[in-house]
Amino acid sequence: MERRILLDLFPEELGAWLADQGQPAYRAQQLFAWLHRGTPFAQMHTLPQALRQTLAESCVDLPMSLRQAFPSQKDDTVKFLYALDDQNLVEGVLMRYHYGHSLCVSTQVGCKMGCAFCASTLEGCVRSLSAGEMVAQVVLANRYLGQRGRVGHVVLMGSGEPMDNYDACVRFLRLINHPQGLNLSLRNVSLSTCGLTDGIRRLAQEGLPVTLSVSLHAPNDALRQRIMPVAKAYPMASLMEAVRDYVRRTGRRVVFEYALIDGLNCELSHARELAALLRSLQCHVNLIPLNHVSERDLRPAPPQKIRAFLEELQRLRISATVRREMGADIGGACGQLRRSHLPTQS
């Protein structure tokens, strides 16, 4: 019998299940709080022993485990390798900033978007994660931190495309925001997409104050389609229309991710074209020094080109910064660690 993942459920849903077990309604609040603290069933001491036994036999408290943590020797970044109950692997990155701890969360096992610069997509998408499996990543990070603090910011920028797992991702957002659980402010959450415009439009209507982060990486369709297959289905004009709709409906600034690739998208002419595309839009550009992926024939832009690109955007009054490189010695970019632990193919 397949055991149920209780972290997938809201208190009222837990209450309906517990009512079938003859339990009073208030047990749902207790159980929900224990689950979001990462407490094993056996240690939920406010629950009756018989109920704890029933839970252990038919349900899952944490649907994954932290197989290994890889602390950086250069900064406060930690790379996590999580093992799911079905033995699939996903990864996350815990980063320490001046404002607290931020966790990069995976939404799928692998990814099917096929972006040329990304390691997550090399084996395709095995399956999507449930909302509870995403919550478990935060719970396990908090357990790892212990007395050193808690995750206060979340970025859905790990392996997978959140808009390709839309319903589970929205449920995850509402679960981590629940006041009886992690109680994490959604203003401290960023959701990254490679540009699935239908998902962007849906998210704009959810009433969730999350920051939308769009993987752009090129100022026009021709360049973008060379490195991002999704651009053929969602051209720049429709993407920008959806982004402007998101800003109008939410009042939130949108972040554009732009990985600088030598010989492809990092010339001053590209910076000027990008500035023209984004002019008058409430946005910020996050310039990313390309992470090297051994299976890809792409090179990062040299530092002097990155500086020149940034200065040109700023001269043209586009808000922009260069992302600080973190966890470089532990393969901070998602996808690389998981691949190193996959069985080799004969």
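Just above, that's the structure.
The structure reproduced in this document is the subject of the present report. (Residues numbered from 1 in each chain as written. Predicted model: local features only at pLDDT ≥ 70, side-chain atom pairs only at ≥ 80, totals over all residues. Heavy atoms only, no water.)

### Quick notes on the side chain of N165
For clarity, the threshold we go by: Here a helix means four or more residues in a row that DSSP labels H or I, a strand means two or more in a row labelled E, and each is numbered from the N terminus. When accessible area is computed with a 1.4 Å probe and restricted to protein chains, residues below 20% of their type maximum are described as buried, those above 50% as exposed, and intermediate ones as partly exposed. Here, two residues are considered to be in contact whenever any of their heavy atoms come within 4.5 Å of each other.
Summarising the element assignment, N165 is placed in the loop between β9 (151-156) and α5 (166-177). Take N165: its relative accessible area is 10%, and that puts it in the buried class. Setting aside chain neighbours within four positions, we find N165 in contact with T107, Q108, S128, L129 and M134.

### Looking at the packing of aromatic side chains
Selection rule: Working definition: rings of Phe, Tyr and Trp (its six-membered ring) pair if their centres are within 6.5 Å, and the pair is stacked with planes under 30 degrees apart, edge-to-face with planes over 60 apart, and tilted otherwise.
With the rule as written, the count across this model stands at four aromatic pairs. Centre to centre, the rings of F80 and Y144 are 5.1 Å apart; their planes meet at 70 degrees, and the pair counts as edge-to-face. Of this pair, F80 sits in strand β4 (residues 78-84) while Y144 sits in helix α4 (residues 131-145), and the two are 64 residues apart along the sequence. Its relative accessible area of 0% is what places F80 among the buried residues. Ring centres of Y97 and Y99 lie 5.1 Å apart, and the angle between their planes is 15 degrees; this geometry places the pair in the stacked category. Residue Y97 is classed as partly exposed on the basis of its relative accessible area, which comes to 23%. Judged by its relative accessible area of 43%, Y99 falls in the partly exposed class.

### Some remarks on the sheet that holds β4
Put simply, the test is: Note on pairing: two strands pair once DSSP finds at least 2 bridges between them. Angular values range over 0 to 180 degrees, each being the angle between N-to-C directions of two axes fitted as lines to C-alpha atoms, with helices fitted over their stretch in contact.
Taken in spatial order, the ten strands make up an open sheet running β3-β4-β5-β6-β9-β10-β11-β12-β13-β14, and their pairing is mixed. Every interior strand has two partners, whereas the edge strands, β3 (64-71) and β14 (320-322), have only one. Strand-to-strand, the axes of this sheet are offset by a mean angle of 25 degrees, without reference to chain direction. Examined bridge by bridge, strand β6 (residues 100-104) and β9 share four bridges and lie parallel to one another. Bridging from a neighbouring strand, H101 pairs with V151 of β9. Contacting β11 (211-215) and β12 (254-260), helix α9 (residues 236-250) runs over the sheet at an angle of about 140 degrees to β12.

### Details of helix α6 (residues 197-204)
Going by this rule: This arc describes the spread of directions from the helix axis toward the C-beta atoms.
Those residues of α6 that sit buried are T197, G199, I200, L203 and A204. In a view along the axis of α6, the buried residues occupy a sector of 160 degrees, so they form one face of it. Against α5, β10 (189-193), β11 and α9 lie the buried residues of α6.

### Digging into the pattern of salt bridges
Condition: Should a side-chain nitrogen of Lys or Arg be within 4 Å of a carboxyl oxygen of Asp or Glu, the pair is scored as a salt bridge.
Tallying each qualifying case throughout the model produces 17 salt bridges. We note a salt bridge from E241 to R201, for which the minimum N-O separation is 3.4 Å. Taken as a pair, E241 in helix α9 and R201 in helix α6 lie far apart in primary sequence, 40 residues in all. Residue class for E241 comes out partly exposed when judged on its relative accessible area of 48%. Residue K305 pairs with E267 through a salt bridge whose shortest N-O separation is 2.6 Å. In this pair, K305 sits in helix α11 (residues 303-315) while E267 sits in the loop between β12 and α10 (268-278), placing the two residues 38 residues apart along the sequence.

### Comments concerning the environment of W34
Structurally, the position occupied by W34 is in helix α2 (residues 26-37). By relative accessible area, W34 is classed as buried at 10%. Measuring from C-alpha to C-alpha, the distance between W34 and Q180 comes to 9.7 Å, with 146 residues separating the pair along the chain. Ignoring any residue separated from it by four or fewer positions in sequence, one finds W34 in contact with T39, Q43, M44, H45, T46 and L47.

### A word on unusual backbone geometry
The phi angle of most residues is negative, glycine excepted, and most peptide bonds adopt the trans form. Phi at Q87 takes a positive value of approximately 75 degrees, unusual for a residue other than glycine. For Q87, the location among the structural elements is in the loop between β4 and β5 (89-97). Taking the relative accessible area as the measure of exposure, Q87 reaches 55% and is therefore exposed. Backbone geometry places S280, a non-glycine residue, at a positive phi of 75 degrees. Note on placement: S280 falls in the loop between α10 and β13 (283-289).

### Focus on helix α3 (residues 49-58)
The set of residues buried in α3 consists of L51, R52, L55 and S58. All buried residues of α3 fall inside an arc of 150 degrees around its axis, so they share one side. Looking at α3, the residues exposed on the side facing more than 90 degrees away from the buried face are Q49, A50 and E57. Considering only its buried residues, α3 is in contact with β1 (4-5), α1 (11-20), α2 and β2 (59-60).

### Topic: the pairing of β6
With five of five residues buried, β6 lies mostly within the body of the structure. Relative to β6, β5 runs antiparallel, the two being bridged by five bridges. Within the sheet, the bridge partner assigned to R96 lies in β6 and is H101. Linkage of β5 to β6, two consecutive antiparallel strands, is achieved through a turn of two residues.

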